[in-house]
Number of protein chains: 2
Amino acid sequence: MNNVTKMRIAKPASEVFEAIVDPAKMSNYWFSSGSARLEAGETITWRYEEYGAVVDIKVLEVEENKKIVFAGGANGEGNVVTIQLHKELDTNHASTIIEVTESGFDENDENLIALLLDNKEGWVYMLTSLKAYMEFGVTNLRASLVK
Amino acid sequence: MNNVTKMRIAKPASEVFEAIVDPAKMSNYWFSSGSARLEAGETITWRYEEYGAVVDIKVLEVEENKKIVFAGGANGEGNVVTIQLHKELDTNHASTIIEVTESGFDENDENLIALLLDNKEGWVYMLTSLKAYMEFGVTNLRASLVK
């Protein structure tokens, strides 16, 4: 069981990649801080101050400008997130389709639907805020989903 | 079975209301056009040019600056969408929590999870784009979800 979300961003894949792996850039559209740059093998702590959330992730794979894979938890025991950056052809300007796949949901969990919907909500919000940051310099869309 | 999504927008409820009922404003962040202003009893046609989509809705209820209810289909035979605007207290600036509830999903539909996720994706994208339009004047976030 997984969640897939895809968004077109009118920027080169190299810039989208940097916006994800660099915690200073990330804080403009997603978590408020990250303990380090995403690199394979590292355990990273992300904090979302406004929601009082602290999340550890284990980075499993980084392919520059193409792919980032991480798993939830300091030891990577949680869901696996794969972020792929696809360069778009047939356009005059560099543009990227960013594809996020989160897998590892338990189909027998009685809260499966609620978990999937919450997860989908988070990724669509992150991707739309990323697009607004990268294309229009908006740094204040984050932290406004109300639970 | 329903989908609920809530977003904080740092604008007065009256302005959020207008951005929804006025099709010229709506085209900045959601469908590309609407056949008329949302008024109770009216059937409206919304078009999303980039996705080749045409949607009829029947407006069931409009309470100025507070609530809009419509159902899918020219005769309102589809899902029911309720949009509520809650004024926020305890802030120096006027702000609004917009709450969207879509109901009418069939719990026995074998595609239930996919339908709910697709629906959630659409509403989070719409609300984030609405926020970006209202707070930052961004009119070009729409039409970039990739299916």
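Read on for an overview of the structure. What you see is a predicted model; the values in this text were computed from it and never measured.

**Remarks on the relation of the copies chain A and chain B**
Rotating chain A by 180° and moving it 0.0 Å along the rotation axis overlays it on chain B with an RMSD of 0.0 Å. When the rotation and shift are considered jointly, the pair of chain copies conforms to a two-fold rotation axis. Residue by residue, 100% of the interface of chain A is reproduced at the interface of chain B, so both copies engage with the same surface.

**A closer look at the packing of aromatic side chains**
Residue and element names in this part refer to chain A. Within the structure shown, the criterion is met by 16 aromatic pairs over all chains. Ring centres 4.9 Å apart and planes at 55° place the aromatic pair Trp30 and Trp46 in the tilted group. Note that Trp30 is positioned in the loop between helix 2 (23–26) and strand 2 (33–34) and Trp46 in strand 3 (residues 43–48), a separation of 16 residues in sequence. Taken individually, Trp30 and Trp46 each receive the classification buried, so the pair is uniform in this respect. Ring centres 5.4 Å apart and planes at 50° place the aromatic pair Trp30 and Trp123 in the tilted group. Of this pair, Trp30 sits in the loop between helix 2 and strand 2 while Trp123 sits in helix 3 (residues 112–136); the two residues are 93 residues apart in sequence, bridging distant segments of the chain. Since its relative accessible area comes to 11%, Trp30 is described here as buried. On the basis of relative accessible area, Trp123 is assigned to the buried category, the value being 7%. An aromatic cluster is present here, built from Trp30, Phe31, Trp46, Tyr48, Tyr51, Phe70 and Trp123 joined pairwise through their rings.

**Topic: the sheet that holds strand 3 (residues 43–48) of chain B**
As a general point, the strands of a sheet are linked pairwise by backbone hydrogen bonds and lie either parallel or antiparallel. Residue and element names in this part refer to chain B. The antiparallel open sheet is built from seven strands, whose spatial order is 1-7-6-5-4-3-2. The strands lining the two open edges of the sheet, one partner per strand, are strand 1 (2–9) and strand 2 (33–34). Direction of pairing for strand 2 relative to strand 3: antiparallel, over a ladder of two bridges. Its bridge partner being in strand 3, Ser33 is matched across the sheet by Arg47. The sheet strands contacting helix 1 (residues 13–21) are strand 1, strand 4 (53–63), strand 5 (67–72), strand 6 (80–87) and strand 7 (96–103), and the helix crosses strand 6 at an angle near 155°.

**Quick look at the pairing of strand 6 of chain B**
For a regular strand, side-chain orientation follows a simple rule: the groups alternate between the two sheet faces. Residues and elements named next belong to chain B. With five bridges connecting them, strand 5 and strand 6 associate as antiparallel partners. If you follow Ile68 over to strand 6, its bridge partner there is Ile83. Across eight bridges, strand 6 lies against strand 7 in antiparallel orientation. Of the residues in strand 7, the one forming a bridge with Gln84 is Glu99.

**Focus: the pairing of strand 5 (residues 67–72) of chain A**
Residues and elements named next belong to chain A. Sheet analysis places strand 4 (residues 53–63) next to strand 5, joined by six bridges and oriented antiparallel. Each residue of the ladder has a partner; that of Lys58, found in strand 5, is Ala71. As consecutive antiparallel partners, strand 4 and strand 5 are separated by three residues, and within that stretch Asn65 has a phi angle of approximately 65°, a positive value.

**Observations regarding the pattern of salt bridges**
Residues and elements named next belong to chain B. Counted under the stated rule, the structure contains 18 salt bridges over all chains. Between Arg37 and Glu18 there is a salt bridge, and its shortest N-O distance comes to 2.8 Å. On the criterion of sequence distance, the pair formed by Arg37 in the loop between strand 2 and strand 3 and Glu18 in helix 1 is long-range, its members being 19 residues apart. Accessibility expressed as a relative area gives 34% for Arg37, which makes it partly exposed. Overall, the relative accessible area of 23% leaves Glu18 in the partly exposed class. For Glu135, the salt bridge identified is with Lys131, shortest N-O distance 2.7 Å. Residue Glu135 and its partner Lys131 are located together in helix 3 (residues 112–136), separated by four residues, close to a single helical turn. Overall, the relative accessible area of 22% leaves Glu135 in the partly exposed class.

**Some points on the packing of helix 1 of chain B against helix 3 of chain B**
Residues and elements named next belong to chain B. Running from N to C, helix 1 and helix 3 cross one another at 120°; their axes reach a closest spacing of 11 Å. In terms of orientation, helix 1 and helix 3 fall into the oblique class. When you trace helix 1 past helix 3, the crossing you get is right-handed. Residues Glu15, Val16 and Ala19 of helix 1 lie in contact with helix 3, whose contacting residues are Leu130, Tyr133 and Met134. When its residues are assigned to classes, the contact of helix 1 with helix 3 shows five nonpolar, no polar and one charged.

**Overview of the side chain of Arg142 of chain B**
Residues and elements named next belong to chain B. Positionally, Arg142 belongs in the segment after helix 3. Using a relative accessible area of 9% as the deciding quantity, one classes Arg142 as buried. A distance of 2.6 Å separates a polar atom in the side chain of Arg142 from the backbone oxygen of Trp30. Apart from residues lying up to four places away in sequence, Arg142 is in contact with Ser27, Asn28, Tyr29, Trp30, Phe31, Ser32, Tyr48, Glu50 and Tyr125.

The rules behind these values
Residues numbered from 1 in each chain as written. Chains lettered and ligands numbered in written order. Predicted model: local features only at pLDDT ≥ 70, side-chain atom pairs only at ≥ 80, totals over all residues. Heavy atoms only, no water. Least-squares fit on C-alpha atoms with pLDDT ≥ 70 in both. Contact = heavy atoms within 4.5 Å. Phe/Tyr/Trp six-rings, centres within 6.5 Å; stacked < 30°, edge-to-face > 60°. Helix = DSSP H or I, 4+ residues; strand = E, 2+ residues; numbered from the N terminus. Buried < 20%, exposed > 50% of the residue type's maximum accessible area, 1.4 Å probe, protein only. Pairing = 2+ DSSP bridges. Axes fitted to C-alpha atoms, helices over the stretch in contact; angles between N-to-C directions. Salt bridge = Lys/Arg side-chain N within 4 Å of Asp/Glu carboxyl O. Parallel < 35°, antiparallel > 145°, perpendicular 65-115°, else oblique. Left-handed = near helix turned anticlockwise from the far one by under 90°. Nonpolar A, V, L, I, M, F, W, Y, C, P; charged D, E, K, R; others polar. Polar contact = N/O pair within 3.5 Å; in protein donor to acceptor, adjacent residues only side chain to side chain.

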